[in-house]
Amino acid sequence: MNQQLADMTAAIAKAEIAMKAAAWQLDAQKTDIEMLRKALFELAYVAEENGIYLSNLTKSTQDSIVAMRLGGFK
């Protein structure tokens, strides 16, 4: 019984460490996404100011920029 309790405690401790690592990774990805979104917005603005319009870009890039301008991604 004590060994089972010790094994369960160790498993819970490992799970807690994994959850903290996953939470840190998600926070880092959120920060990265925010930075990339800002960069994409700025690049789209600069491109249009210099005569490079959405129609000159790939469909997926067009969709991303339009979605970003409408307030988010699906």
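Everything that follows concerns the structure shown earlier in this document.
This text gives an overview of the structure that appears in the document. Predicted, not measured: the structure shown is a model, and the values here were computed from it.

1. Remarks on the pattern of salt bridges
Point 1. A complete count under the given rule lists 3 salt bridges for this structure.
Point 2. Put simply, Arg69 and Glu48 hold a salt bridge, and the shortest N to O gap is 3.2 Å. One end of the pair, Arg69, is in helix α2 (residues 59–69); the other, Glu48, is in helix α1 (residues 2–49), and 21 residues separate them in sequence.
Point 3. Using a relative accessible area of 38% as the deciding quantity, one classes Arg69 as partly exposed.

2. So, the packing of α1 against α2
Point 1. Relative orientation of the contacting elements α1 and α2 amounts to 105 degrees, with a least axis distance of 11 Å. With respect to each other, α1 and α2 are oriented roughly perpendicular. Between α1 and α2, the contacting residues are Arg37, Leu40, Phe41, Ala44, Tyr45 and Glu48 on the first element and Ser64, Ile65, Met68 and Arg69 on the second.

Cut-offs used in this document
- Each residue is numbered by its place in its chain's sequence as written, counting from 1.
- Local features in this predicted model are restricted to residues whose pLDDT is 70 or higher, and side-chain atom pairs enter the listing and the counts only when it is 80 or higher, whereas totals over whole chains, interfaces and linings include all residues.
- Side-chain calculation: all heavy atoms of the structure are included, whereas hydrogens and water are not.
- Salt bridge, as used here, is a side-chain nitrogen of Lys or Arg placed within 4 Å of a carboxyl oxygen of Asp or Glu.
- For helices the rule is a DSSP run of H or I covering at least 4 residues; for strands it is a run of E covering at least 2, with both sets numbered from the N terminus onward.
- Per-residue accessibility, obtained with a 1.4 Å probe over protein chains only, is compared with the maximum for each type, and a residue is labelled buried under 20%, exposed over 50%, and partly exposed between these values.
- Throughout, an axis means a line fitted to C-alpha atoms (over the contacting stretch in the case of helices), and angles, computed between N-to-C directions, take values from 0 to 180 degrees.
- Each angle is binned into one of four classes, with values under 35 degrees roughly parallel, values over 145 roughly antiparallel, values of 65 to 115 roughly perpendicular, and all other values oblique.
- When checking whether two residues touch, look at their non-hydrogen atoms; a contact exists if any pair is within 4.5 Å.

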